Amino acid sequence: MDVAKNMDKVWTDKACYNKAEKLYQEWLCKGTQSNNCSLLVTEIAKAREDIQSSLEKIDDITFEPCSNSGILSRLAILEAENKEIKELYQAILKKITLIENNNNTTSSAASVQKVETSNGNNNAAAADDDDDDVDLFASDSEEEDAEKQRIREERLSKYNEKKSTKTAIIAKSSILLDVKPWDDEADLKAMEAKIREIQWDGLLWGASKFVPVAFGIQKITISCVVEDEKVSVDWLTEEIEKIEDLVQSVDIAAFNKI
């Protein structure tokens, strides 16, 4: 009987029990949420510590210098060598051009000399023909009259007079010489003075100038007029080459008959 009363009382206070269970469940939920929050906070703190340690490790890393410095230095050396090779190539081209110009000038001068020599031979032959026109050994036959004898003697006297007053033609040549020193430190003015000290009958020095060659070296281009019978070109070049302390070589840049 008492049990039945108690059961009735339970069902009568059912609303109070439901409220108490609800409060109990809410309390459990709050406990779980707090635990979850604490776990989340722990994880966040741990992640922060990991990030901080990683940053400290990155700060401690020392970066080595670029290993391409050796390649860059090699490239600089190669560029310098390439520049030197280009300069040497340009100097060689200039020398080859100068040699070709000298050869062309020498060949043209030789051809002009041949033409003038042939013209001189033709003129000499023509003069001989003129001499043959005058009959110096005309026959003195008994039948020749006095008038013809007088005319012949007048012609002979005029011819002899003309021949005695005829001046001999002096053959002369105009020469342009290229005189090169040993190096760029040579005193070109002193070398020119030494060259002009060479004096000879039939030799007349003319104008001169300094002409750049290559690598800072200059040469002397000097002109002169010589009498062919008194001064030879070979003798003149040998005399200049005797100044061996200053002169390296002597070339004929131009040769013309006057």
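With respect to unusual backbone geometry
And step 1. Positive phi outside glycine occurs at Phe215, with the angle close to 55°.
And step 2. Mapped onto the fold, Phe215 is located in the loop between strand S2 (203-214) and strand S3 (217-227).
And step 3. Under the relative-accessibility criterion, Phe215 is labelled exposed at 52%.

Digging into the pattern of salt bridges
And step 1. Across all of its chains, the model carries nine salt bridges by this definition.
And step 2. Between Asp251 and Lys180 there is a salt bridge, and its shortest N-O distance comes to 3.7 Å. A residue pair is termed long-range when its members are at least 10 positions apart, and Asp251 in strand S4 (residues 247-257) and Lys180 in strand S1 (residues 172-181) qualify at 71 residues.
And step 3. By relative accessible area, Asp251 is classed as partly exposed at 26%.
And step 4. A cluster of three or more residues bridged by salt bridges with shared partners is formed by Glu147, Arg150 and Glu154.

A short note on the sheet that holds S4
And step 1. An order of S2-S3-S1-S4 is seen for the four strands of this open sheet, with the pairing classed as antiparallel. Of all the strands in the sheet, the pair left with one neighbour each is S2 and S4. Neighbouring strand axes in the sheet, compared pairwise and without regard to direction, differ in orientation by 20° on average.
And step 2. With nine bridges connecting them, S2 and S3 associate as antiparallel partners. By the bridge assignment for S3, Trp205 is matched with Cys224.
And step 3. Across the sheet, helix H5 (residues 188-196) touches S1, S2, S3 and S4, and the angle it forms with S2 is around 155°.
And step 4. In this fold helix H6 (residues 233-241) packs onto S1, S2, S3 and S4, with an angle of close to 155° to the strand it touches most, S4.

As for the side chain of Thr237
And step 1. With respect to the secondary-structure elements, Thr237 resides in helix H6.
And step 2. At 2.9 Å, the side chain of Thr237 and the backbone oxygen of Asp234 are in polar contact.

Let's talk about H6
And step 1. Within H6, burial applies to Val233, Leu236, Thr237 and Ile240. The arc enclosing the buried residues of H6, seen along the axis, measures out at 95°, which places them on a common side.
And step 2. Among the structural elements, S1, H5, S2, S3 and S4 are those in contact with the buried residues of H6.

A few points about the pairing of S1
Each regular strand displays side chains that alternate between the two surfaces of the sheet.
And step 1. The buried fraction of S1 amounts to seven of the 10 residues, a majority that puts the element mostly inside the structure.
And step 2. In terms of strand pairing, S1 meets S3 through eight bridges, oriented antiparallel. By the bridge assignment for S3, Asp178 is matched with Thr221.
And step 3. Pairing geometry for S1 and S4, over nine bridges, is antiparallel. Residue pairing across strands places Lys180 opposite Ser249, the latter belonging to S4.

Each value, and the rule that gives it
- Residues numbered from 1 in each chain as written.
- Predicted model: local features only at pLDDT ≥ 70, side-chain atom pairs only at ≥ 80, totals over all residues.
- Heavy atoms only, no water.
- Helix = DSSP H or I, 4+ residues; strand = E, 2+ residues; numbered from the N terminus.
- Buried < 20%, exposed > 50% of the residue type's maximum accessible area, 1.4 Å probe, protein only.
- Salt bridge = Lys/Arg side-chain N within 4 Å of Asp/Glu carboxyl O.
- Pairing = 2+ DSSP bridges.
- Axes fitted to C-alpha atoms, helices over the stretch in contact; angles between N-to-C directions.
- Contact = heavy atoms within 4.5 Å.
- Polar contact = N/O pair within 3.5 Å; in protein donor to acceptor, adjacent residues only side chain to side chain.
- Arc of directions from axis to C-beta.

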